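Structural overview
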Amino acid sequence: AGQIARAVTLFCVDEVVVFSENSQLDLSGRLHDGVTADPNVFLARVLQYMECPQYLRRALFPMHADLKQIGVLPPLDAPHHMRREAVLPYREGVILDRPTRGDEGSYANVGLDREVLLDRKLKPRTRVTVRMDTEQNDHEQLVYRTHHNGRVHSGTIVSPHEPVRREGTFWGYRTR
């Protein structure tokens, strides 16, 4: 599964479809000793986990026996798996269960030291692509704009296809 995820990322594949050629398999997804009985479900779960940036995994993937040994797989280091210090126009995030002032918008974790205040209210634990509000600093470097006395960054929720269309950047794959 790790090699499939790396190949899919390396060749900028947009979508992976996992299907069974054997109609005799038990497709119920029932558990046997805590592990998913269906190898297709197992493969899809591992591919989804690998595609997700590391800083979002805990919020989006509950503990599961299928992911017990996932730590032995090497990280993908995909363009949307950004490090904390990277300043780029787009970031992947997850909506936090935290109220905003005036109950407008949402807060998201995008892997930075500060949360991001977004333009729309969404359900907590929803994965989003965020266009970060940026500006040039005194040294002509791109920096993230902050609000509320520097406590939060700001951004806009966009389609996950926007970084691909505007920047030509591979933005992960979808598994179904």
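The structure under discussion appears in the preceding block.
On a predicted model such as this, the values are computed, not experimentally measured, just so you know.

A few words on the environment of Leu 43. Topologically, Leu 43 is positioned in helix 2 (residues 39–51). Note on Leu 43: relative accessible area 22%, which makes it partly exposed. Put simply, Leu 43 and Ala 1 are 42 residues apart on the chain and 6.3 Å apart in space, counted from C-alpha to C-alpha.

Turning next to the layout of surface pockets. Size it by volume and the largest pocket reaches roughly 550 Å³. Along the wall of the largest pocket there are 20 residues; nearest its centre are Glu 51, Pro 160, Trp 171, Tyr 173 and Arg 174. Only helix 2, strand 7 (127–132) and strand 12 (174–175) provide two or more residues apiece to the lining of the largest pocket. Of the residues forming the lining of the largest pocket, the biggest block, three residues, is contributed by strand 7. In terms of residue class, the lining of the largest pocket is made up of nine nonpolar, five polar and six charged.

Another aspect to go through is the side chain of Ser 154. You can see Ser 154 is positioned in strand 11 (residues 152–158). Side-chain polar atoms of Ser 154 contact the side chain of Asp 133, separated by 2.6 Å. The residues contacting Ser 154, other than those within four sequence positions of it, are Val 116, Leu 117, Met 132, Asp 133, Arg 145 and His 147.

Another aspect to go through is helix 1 (residues 2–10). Those residues of helix 1 lying buried are Gly 2, Ala 5, Val 8 and Thr 9. Seen from one end, helix 1 has its buried residues packed into an arc of 130 degrees, which puts them on one side. Those residues of helix 1 that are exposed and aimed more than 90 degrees away from the buried face are Gln 3 and Leu 10. Those residues of helix 1 hidden inside the fold are in contact with strand 1 (15–16) and helix 2.

Moving on, we come to the pairing of strand 7. Note that strand 4 (residues 90–95) and strand 7 share five bridges and pair antiparallel. The residue of strand 7 that forms the bridge with Gly 93 is Val 128. In terms of strand pairing, strand 7 meets strand 11 through four bridges, oriented antiparallel. The residue bridging Met 132 from the neighbouring strand is Gly 155, located in strand 11.

Judged by nonpolar contacts, the single largest core of 20 residues is most densely connected at Met 50 and Tyr 173. Among the elements of the structure, helix 1, helix 2 and helix 3 (54–60) are those that each provide at least two residues to this core. The element contributing the most residues to this core is helix 2, with five residues. Ranked by size, the runner-up nonpolar core spans eleven residues in total, among them Ala 108, Leu 118, Val 130 and Ile 157.

Once that is clear, we can look at unusual backbone geometry. The phi angle at Cys 12 is positive, at roughly 55 degrees, despite the residue not being glycine. Assessed through its relative accessible area of 43%, Cys 12 is described here as partly exposed. Of note in the backbone geometry, Asp 77 takes a positive phi value of approximately 55 degrees without being a glycine. For Asp 77, the location among the structural elements is in the loop between helix 3 and strand 4.

How each quantity is defined
Residues numbered from 1 in each chain as written. Predicted model: local features only at pLDDT ≥ 70, side-chain atom pairs only at ≥ 80, totals over all residues. Heavy atoms only, no water. Helix = DSSP H or I, 4+ residues; strand = E, 2+ residues; numbered from the N terminus. Buried < 20%, exposed > 50% of the residue type's maximum accessible area, 1.4 Å probe, protein only. 1 Å grid on protein atoms, 1.4 Å probe; cavity = no way out; pocket = protein on both sides within 12 Å on 5 of 7 lines; lining within 4 Å. Points joined across faces, edges and corners; volume = space filled by probe spheres on them. Nonpolar A, V, L, I, M, F, W, Y, C, P; charged D, E, K, R; others polar. Polar contact = N/O pair within 3.5 Å; in protein donor to acceptor, adjacent residues only side chain to side chain. Contact = heavy atoms within 4.5 Å. Arc of directions from axis to C-beta. Pairing = 2+ DSSP bridges. Core = buried A, V, L, I, M, F, W, Y, C linked by side-chain atoms within 4.5 Å.

Remember that the coordinates give geometry; whether it matters functionally is a separate question.
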